[in-house]
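What the coordinates show
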Amino acid sequence: MKILDQTDDGASSTLSYAGLIERIEILRSTLRWSSRLERADIDKLLRQASSLRDEVMQMSHRERFVQAVAEPARADQSRGARRQALLERSFIFEGTFGDNPRLLEALEIAEKAAPTDLPVLVDGESGTGKELMAKVIHANGSRADKPYISVNCGAIPDNLLESELFGHRRGAFTGASADRKGKFESAHTGTIFLDEIGELPLAGQVKLLRVLESHEIQRVGSDEMIAVDTRIVAATNRNLRRLSEEGKFREDLFYRLSVIHVTLPPLRERRDEIPLLVAYFGDEAAGTLKRRPVRLTPRLRDFLLTYAYPGNIRELRNLMYRISCLAGDTADIDHLPVDMRPTPAGSGAQGGAAGSGGGGATVSNLLSLADAKRAASDEAEKAFLERGLHEVGGTVAELARRVDMNRSHLQMLLKKHGLHSKDFRRQGAQPGGRKGDNDEDDAEDLEAG
Ligand SMILES: Nc1ncnc2c1ncn2[C@@H]1O[C@H](COP(=O)(O)OP(=O)(O)OP(=O)(O)O)[C@@H](O)[C@H]1O
Ligand SMILES: [Mg+2]
């Protein structure tokens, strides 16, 4: 379906949902950096734009499902094309960045699963984005405007578990001073996210299985059966199949929960995304901390590109916030936590503060030869772009002409490396650049941000 769009000159044209959402996104990024509005006004307008975007997303979700089924993803498509195809089907990324084929595959599965009510099991190491994926599934489904309730199964004491999930009647046990709804009832018509499902004790597993079979719950201390309509997304960083083989997790529950099974790869297996994530979280931290994005010395950049990230994306995000908070204009190795700083022999980031940190990063924390080559190639690409931008005084259009590269591809590469054309602008003359080019570039910087 197309939406009739009234243009400035009164003519009407058709605009897809994706086009509409893209326009809202451009409006939001422009707003975010507005220098003429008060912060409070910006926040208010941002909230309005976000809710408008959510409404459009809602309107489009049925159409997207039909398209997703009609146009199965082709593994031989390029990553850019696969991500673009998701975008064109108005897929809601909820801030999920990256176009590594394994991440794209997970997103494509999420897209197909979202509009159904089938249970989804998301697994992967700590910090790989399991909770984010649960939100993506909720946001892309027909329940997006209904409750999304998250329960951490590992954090509830055994004796409170049943009451927490299913509620209780007044007087059901000591301390139950009033009737109380459980999480399943709160999630009625929406989605319940059962986090750390692998930690659920066997008694809790039996009760959960019963709910999955009957779609009914019973509050503790009550005989009444209450029908609940909740979509279940569960997550774990453990291997549930192995746990079930060891008798620690009910096999029947495992199969019930994992009708759709999504595994998120650790960051060290999608290293190609690190430069993009460094740039993204650097910008995000700058926004939160109300400062300019921090610059990285080459040796810190080397370190960030080659580190093994046992805590995955969360660790990378926390690092960028730490660095942005502690550094002045430029961050270096000594802004890393002491126990993480590379020892002189440990990486390409030698000298300086390195070595002061005692048991710093070791070779086992670092990447394979192939990854090291990729990181070096990334560095060369970045150096090339920096030199080019410097030569053309920060005029992206001119650089694109000189290196014979498509301008939007060039913009994408600049974004990947966290380069801002305006940082290379010179006062006065713009060699080779047409007048006005810089203004266009500014607009693109905003869109890219
Ligand atoms: N692909 C991604 N793009 C951008 N941000 C991401 C991505 N994946 C994860 N994040 C961010 O990383 C952080 C950790 O993600 P999340 O909490 O979803 O991980 P998790 O797998 O649930 O971790 P844990 O197992 O420790 O609970 C969050 O801030 C999340 O927004
Ligand atoms: Mg989590």
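Look up: the structure comes first, before these words.
In what follows, the accompanying structure is described.

With that out of the way, let us pick up the overall build of the protein chain. Helix and strand content of the protein chain: 17 helices and 13 strands. For the protein chain, buried positions account for 33% of its 449 residues. Residue pairs in contact within the protein chain that sit at least 24 positions apart in sequence constitute 69% of those at least 6 positions apart.

Here the focus is the nonpolar core. Ranked by size, the top nonpolar core spans 42 residues in total, and within it A110, V122, M133, I137, L194, V233 and A234 carry the most contacts. Those elements that place two or more of their residues in this core are α4 (101–113), β3 (120–123), α5 (130–139), α6 (158–166), β7 (191–195), β10 (231–236) and α10 (251–257). With 24 residues, the next largest nonpolar core counts V278, F281, V294 and L305 among its residues.

Interhelical geometry of helix α3 (residues 79–88) versus α4 gives an angle of 25° and a closest axis separation of 11 Å. With respect to each other, α3 and α4 are oriented roughly parallel. Crossing of α3 over α4 shows left-handed handedness. Contact residues: R79, R82, R83 and L86 in α3; P101, L104, L107 and E111 in α4. Classifying every residue of the contact of α3 with α4 by side-chain character gives four nonpolar, no polar and four charged.

A few words now on the packing of helix α11 (residues 274–289) against helix α13 (residues 312–326). Relative to each other, α11 and α13 sit at 50°, their axes nearing to 9 Å. One element, α11, and the other, α13, form an angle in the oblique class. For the pair α11 and α13, the sense of crossing is right-handed. Residues L277, V278, F281, G282, A285, A286 and L289 of α11 lie in contact with α13, whose contacting residues are I313, L316, R317, M320, Y321, S324 and C325. Along the lines of polarity and charge, the residues of the contact of α11 with α13 split into eleven nonpolar, two polar and one charged.

So, on to the environment of P119. Structurally, the position occupied by P119 is in the loop between α4 and β3. Setting aside anything within four residues of it in sequence, one finds P119 in contact with I232, R256, L257 and V259.

Moving on, we come to the site of ligand 1. With respect to spatial proximity, 16 residues lie near ligand 1, and among them F97, S126, G129, K130 and E131 are the closest. Among the elements of the structure, α5 and α13 are those that each provide at least two residues to the shell around ligand 1. Its residues assigned to classes, the shell around ligand 1 comprises three nonpolar, nine polar and four charged. Each of domain 2 (114–265) and domain 3 (269–448) accounts for three or more of the residues forming the shell around ligand 1.

A few words on the sheet that holds β10. Pairing is parallel in the open sheet, where five strands are placed in the order β4-β7-β10-β3-β11. Since the sheet does not close on itself, it has two edges, and those belong to β4 (148–152) and β11 (260–263), each with one partner. This sheet shows a mean twist of 20° between the axes of neighbouring strands, independent of strand direction. One ladder, built from five bridges, connects β4 with β7; its direction is parallel. Note on β7: the bridge partner recorded for V151 is L194. Most of the contacts of α4 go to β11, to which it runs at about 155°, and overall it touches β3 and β11.

Let's shift gears to the environment of T297. As for its position among the elements, T297 is in the loop between β12 (295–296) and α12 (298–306). Measuring from C-alpha to C-alpha, the distance between T297 and A331 comes to 6.3 Å, with 34 residues separating the pair along the chain. Setting aside its immediate chain neighbours within four residues, T297 contacts T330 and D332.

The next point concerns the environment of S150. Relative to the elements of secondary structure, S150 occurs in strand β4. Owing to 17 C-beta atoms within 10 Å, S150 belongs among the partly exposed residues under this scheme. Between the C-alpha atoms of S150 and E131, which are 19 residues apart in sequence, the distance is 9.1 Å. Those residues in contact with S150 that lie beyond four places of it in its chain are F193 and D195.

The end-to-end C-alpha separation of α4 is 18 Å, in line with the 18 Å expected for 13 residues at 1.5 Å each. Within α4 the residues assigned to the buried category are L103, A106, L107, A110, E111 and A113.

What follows is about helix α8 (residues 202–214). Here α8 is 13 residues long and its end C-alpha atoms lie 19 Å apart, about the 18 Å a rise of 1.5 Å per residue gives. H215 lies just past α8 and shows a positive phi near 55°.

A word on unusual backbone geometry. Positive phi outside glycine occurs at E94, with the angle close to 55°. You can see E94 is positioned in the loop between α3 and α4. Among the residues examined, E94 registers 15 C-beta atoms within 10 Å and is labelled partly exposed. The phi torsion at T189 lies on the positive side, around 75°, for a residue other than glycine. Of note, T189 is situated in the loop between α7 (183–186) and β7. C-beta crowding within 10 Å serves as the criterion here: with 12 such atoms nearby, T189 is assigned to the exposed category.

What counts, and where the lines are drawn
Residues numbered from 1 in each chain as written. Chains lettered and ligands numbered in written order. Predicted model: local features only at pLDDT ≥ 70, side-chain atom pairs only at ≥ 80, totals over all residues. Helix = DSSP H or I, 4+ residues; strand = E, 2+ residues; numbered from the N terminus. Buried ≥ 20, exposed ≤ 12 C-beta atoms within 10 Å, placed from the backbone. Contact = placed C-beta atoms within 7 Å. Core = buried A, V, L, I, M, F, W, Y, C linked by C-beta atoms within 7 Å. Axes fitted to C-alpha atoms, helices over the stretch in contact; angles between N-to-C directions. Parallel < 35°, antiparallel > 145°, perpendicular 65-115°, else oblique. Left-handed = near helix turned anticlockwise from the far one by under 90°. Nonpolar A, V, L, I, M, F, W, Y, C, P; charged D, E, K, R; others polar. Near = placed C-beta within 6 Å. Domains from an automatic or database assignment. Pairing = 2+ DSSP bridges. Expected span 1.5 Å × (residues − 1).

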